[in-house]
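Close look at the chain arrangement
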Amino acid sequence: MAESATAMDPSLRLREAVADGSLNLPVLPSVAADVLALSQSEDGDAAGLAGLIQTDPALASNVLRIVNTPAFRGAAEIVALQQAIARLGMGRIREIALSIAVKSALTQPGPYGALVQEAWQDALATGLWAREVARACRKNVENAYLCGLLHNIGVPVALHGLTAICEDGAVEPPSAEPALSLAVDMLRPAGVALVERWKLPALVATFIAHEGPYDSAGEHADLIATVDLGISLAGAMKHGPIEPDRVQEDAAVAWLHLYPDDMQGLLALETSVTDQLRDLNA
Amino acid sequence: MSRVDVFVIGSGPAGQKAAIQAAKGGLSVAICERLREVGGACVQFGTIPSKTLRERAVSRTRAMRELARSGREELDQSISVADLIGETGAVLKAHDRYMTAQLERNGVLVVHGRARFLDPHAVEVQFANGQIERFEADHIVIASGSKPRRLPHIETDHEHIYDSDSVLSLGYLPRSMMVFGGGVIACEYASIFALLGVEVTLIDRYPMPLGFLDADLASHFLEAFERLGGVFRGECDVRNVTFDGVSAVIATTADGEELCADKALCALGRVSQVADLNIEAAGLTVNDRELIDVDDSGRTAVAHIYAAGDVVGPPSLASASMEQGRRAACALLGIDPGDQGDFLPSGIYSVPELASVGLTEAQARERFGDAVIGKAHYREIARGLIADSASGLLKLIAAPDGKLVGVHIVGAAATDLIHIGQMALIHGAPHTVFIENVFNFPTYAESYRVAALDLAAALREGGQGRTAA
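Residues numbered from 1 in each chain as written. Chains lettered and ligands numbered in written order. Predicted model: local features only at pLDDT ≥ 70, side-chain atom pairs only at ≥ 80, totals over all residues.

So, on to the overall build of chain B. For chain B, the helix and strand inventory stands at twelve helices and 21 strands. For 469 residues, the compact-globule estimate of 2.2 N^0.38 gives 23 Å, and the C-alpha radius of gyration of chain B, at 24 Å, lies within 12% of that figure. Oriented by its inertia axes, the alpha-carbon framework of chain B measures out at about 70 × 60 × 50 Å. Residue burial in chain B is summarised as follows: out of 469 residues, 50% are buried. Long-range contacts, defined here as pairs at least 24 residues apart, represent 66% of the contacts in chain B between residues at least 6 apart. (Helix = DSSP H or I, 4+ residues; strand = E, 2+ residues; numbered from the N terminus. Rg over C-alpha atoms; globule rule 2.2 N^0.38 Å. Buried ≥ 20, exposed ≤ 12 C-beta atoms within 10 Å, placed from the backbone. Contact = placed C-beta atoms within 7 Å.)

Each helix and strand counted, chain A has 18 helices and zero strands in total. Here chain A, with 282 residues, has 48% of them falling under the buried criterion. Look at the contacts in chain A between residues 6 or more apart in sequence, and 67% of them connect residues 24 or more apart.

Two pairing modes exist for strands in a sheet, parallel and antiparallel, and in both the strands are linked by backbone hydrogen bonds. Residue and element names in this part refer to chain B. Taken together, five strands build an open sheet; the order of strands is β17-β18-β21-β20-β19 and the sheet is antiparallel. Either end of the sheet is taken by a strand with one partner, and the two such strands are β17 (346–348) and β19 (372–377). Across the sheet, the mean angle separating the axes of adjacent strands is 10° when strand polarity is ignored. Sheet topology places β19 next to strand β20 (residues 393–398); six bridges connect them, and they run antiparallel. Across the sheet, V372 pairs through a bridge with A398, a residue of β20. Across the face of the sheet, helix α12 (residues 446–461) comes into contact with β19 and β20 while running at roughly 145° to β19. (Pairing = 2+ DSSP bridges. Axes fitted to C-alpha atoms, helices over the stretch in contact; angles between N-to-C directions.)

For the rest of this paragraph, the subject is unusual backbone geometry. P352(B) follows V351(B) through a cis peptide bond whose omega is 5°. Considering the arrangement of structural elements, one finds P352(B) in the loop between β17 and β18 (354–358). One non-glycine residue with positive phi stands out, namely R138(A), at about 60°. For R138(A), the position within the fold is in the loop between α8 (113–137) and α9 (141–150). Although it is not a glycine, H158(B) adopts a positive phi angle of roughly 65°. Judged by local crowding, H158(B) falls into the buried class, with 20 C-beta atoms found within 10 Å.

Quick look at the sheet that holds strand β8 (residues 176–180) of chain B now. Residues and elements named next belong to chain B. Spatial strand order, β7-β14-β8-β9-β10: five strands in an open sheet with parallel pairing. Both outer strands of the open sheet, β7 (161–163) and β10 (231–233), are each paired with one neighbouring strand and no more. Here the strands of the sheet are splayed against their neighbours by 20° on average, with no regard to which way each runs.

Residues and elements named next belong to chain B. Looking at chain B, the pLDDT average stands at 90 and 94% of residues meet or exceed 70. Confidence drops under pLDDT 50 across residues 465–469; counting only partners more than four residues distant or on other chains, this segment forms 15 contacts. On the interface metric, ipTM, the complex scores 0.76, and its pTM is 0.81. (pLDDT = per-residue confidence, 0-100.)

Moving on, we come to the nonpolar core. Proteins that are soluble and globular tend to have nonpolar side chains buried together. Residues V63(A), A97(A), A101(A) and A158(A) are the most contacted members of the largest nonpolar core, which totals 93 residues. V184(B), V241(B), L394(B) and I420(B) belong to the second-largest nonpolar core, a separate cluster that totals 90 residues. (Core = buried A, V, L, I, M, F, W, Y, C linked by C-beta atoms within 7 Å.)

We now examine helix α7 (residues 90–106) of chain A. The terminal C-alpha atoms of α7(A), which comprises 17 residues, lie 24 Å apart, in line with the 24 Å expected from a rise of 1.5 Å per residue. Buried residues dominate α7(A), accounting for 15 of its 17 residues. (Expected span 1.5 Å × (residues − 1).)

This part covers the packing of α8(A) against helix α17 (residues 260–267) of chain A. Residue and element names in this part refer to chain A. Between α8 and α17, whose axes approach to 10 Å, the crossing angle comes to 140°. As judged from the angle between their axes, α8 and α17 are oblique. The way α8 lies across α17 gives a crossing that is right-handed. Contacts between α8 and α17 involve E132, V133 and A136 from the first element and D262, G265 and L266 from the second. Split by residue class, the contact of α8 with α17 holds three nonpolar, one polar and two charged. (Parallel < 35°, antiparallel > 145°, perpendicular 65-115°, else oblique. Left-handed = near helix turned anticlockwise from the far one by under 90°. Nonpolar A, V, L, I, M, F, W, Y, C, P; charged D, E, K, R; others polar.)

Looking at chain A as a whole, its pLDDT mean stands at 81, while 85% of the residues score no less than 70. Per-element confidence in chain A is highest for helix α14 (residues 221–236) of chain A, whose mean pLDDT is 94, and lowest for helix α1 (residues 2–8) of chain A, whose mean pLDDT is 58.

Below, the discussion takes up the packing of helix α12 (residues 187–197) of chain A against helix α13 (residues 202–209) of chain A. Residue and element names in this part refer to chain A. Two elements in contact, α12 and α13, have axes separated by 9 Å at closest approach and are oriented at 175°. Comparing the axis directions of α12 and α13 gives the class roughly antiparallel. Along the contact surface, α12 presents R188, G191, V192, V195 and E196, while α13 presents V204, A205, I208 and A209. Along the lines of polarity and charge, the residues of the contact of α12 with α13 split into six nonpolar, one polar and two charged.

The subject of this paragraph is the pairing of strand β13 (residues 258–261) of chain B. Sheet analysis places strand β12 (residues 249–253) of chain B next to β13(B), joined by four bridges and oriented antiparallel. Directly across from I250(B), in β13(B), lies its bridge partner C260(B).

Residue and element names in this part refer to chain A. The complete set of buried residues in α17 reads M263, L266 and L267. Angular distribution of buried residues about the axis of α17 spans 95°; they occupy a single face of the element. In α17, the exposed positions that point more than 90 degrees away from the buried face belong to D261 and Q264. (Arc of directions from axis to C-beta.)

Right, let's talk about the environment of D96(B) for a bit. All names here are of chain B. By secondary structure assignment, the location of D96 is in helix α4 (residues 81–105). On the basis of neighbour counts, which here come to 17 C-beta atoms within 10 Å, the residue D96 falls in the partly exposed class. In the structure, D96 is positioned 60 residues away from R36 in sequence and 9.9 Å away in space, judged by C-alpha atoms.

Here we come to the environment of F368(B). All names here are of chain B. As for its position among the elements, F368 is in helix α8 (residues 361–368). Under the C-beta neighbour-count criterion, F368 is labelled partly exposed, with 17 such atoms within 10 Å. Here F368 is in contact with A399 and P400, once residues within four sequence places are set aside.

Residues and elements named next belong to chain B. Assignment of secondary structure puts Y162 in strand β7. Classification of Y162 by C-beta neighbours within 10 Å gives buried; the count is 25. Spatially, the C-alpha atom of Y162 lies 6.1 Å from that of A264, the residues being 102 residues apart in sequence. Each residue touching Y162, except ones within four places of it in the same chain, is listed here: T156, V167, K263 and L265.

The structure is reproduced here in structure tokens:
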């Protein structure tokens, strides 16, 4: 009787799948895995990155499309990956390529497409803001971007799992609101499961798994606060220009010990972040 | 509004010692730190992290070398900076706890905010949350420290081109790195990263790195740096440094040459951090080097305001700053701080370590017309051979009459070992004190005995010691 009840309740089945490791996880395109591996290697070079991206025509064309948007493009049109890397730098192209690849893996058609899209917007905006917060605090810029980009990856992963559970038609997929509530509840374990499956840096899993005050996060406390402030800034900019008072009271601001003029310096980057966000979504 | 007897701006070595000395003298003291933790740049970005990183790099490299030598494991060059920094983070936390406890134990009020003079006796503190509190004090000690010098032709972005405050945020070891500068910070980081397997190019406009040191020490450092794979480009006038937008930092020299590396570190000195203090409201100004002028006791042009540490200029050593802070507090308490003497040791935590006290050989020759030298090489010392640290040198400098005037050491334990020489200099001991007394064996301190014997031989021969030739 209990087994039957579980079988008919998609939320229970999702929780069970997360708990026993059988959650249906999206597959990371191999090129994205290679791009990520290159980013963590001492041997990464511009030619290698261009070559990698070119192995996936869809990815290559998407990168070229984005680098030709106003936020990234200079005076001349960018027509080749090597040119794009020369113009924007290896690190930025790597970030763009990774963002596109992760997005394509997660944003599959399904009943929760709009929710996934929204989570993705938050992730991108958080990554971009976290990078600027890290720069202002003299913290590692690359780690902040990666953790920002993946901070809520558990949400689309859980929604993906929920969709898979309901695919056989035996049960009705929950409506958007309870599905999102469930996904947010599963954010940490689902996110960690994906990070481990995709062999993303262990730091990302540590970041996603952390719960509690900053002073319980040990050496990762500053990174977590950096990304948390990125989350706050990303959330605040949804409602129009960010009001300084809205974010100055944030616990992450206090932890990072950012003064009002430090925050003003950050908020001055809002237009730049907005432009990059728009173009990454182009 | 709060009122205290003494308000100290900055909790680095100078500020901390000033605050504690003043509190021990029975005064009410507040100390203001703009960063989250006490300790200032010394703890957050400078002395403690770089020395911890060095220690970790040296011990790990040694351990891996031993493993490789025993055939149990290949030498693993893939040391993660993040791991090393992580360990450094634990040291910083422990240091913060210890210092905070020490301040609390002495009843010092610690406030974390930015201080700004309102008038000669009033300071406004802005907290990170934007709130403001006014403090009034009978005495104020300015110990706000320093920050990396920024140059218009070097675009420090903390992602590709770092300064000494951000270099420890490096997430991974780059394949190559350019280090601009030839001073203490540049040479420390250049040699540490070279030890970790990074291809380091040290670039400076002077012909030798660490040119202020005794020439033998500077040469020894350079040779050791080159043995680690480092390259020194002296007399190199860099005109522009920028990230090329691809994967490299490009440095363009005055003669048009382009040098490149994955990352770059700009370590061209530090400048005092007084711009935000509004010292004009207190009746103070900075001199043409943007430093605050003080007398021997640390008193500024305004009698009740003192300054100590990097804001008053060289030697800009944590050790000297501590003493300056203590002396400033003694002065405002009206108590005798005691005689400091002329023998201030300096320590450089590069690979290898360097330490110095007293005159260099060149300075001694200039002052006395000649100098007598005694040297001990670590390869002659049992401890050096046992510890696989045979590359080192201890150099004694004496005036022509045999009076010791300087001690210079490069190699393992140099920064500790120097204090033996410092004590000898302070007490005017003859070189024979190292010959006629017993040292533990085997120790690096035995170097003093060997160098003193060399010096004695040189004195008998009326010239250079046997190892100096």
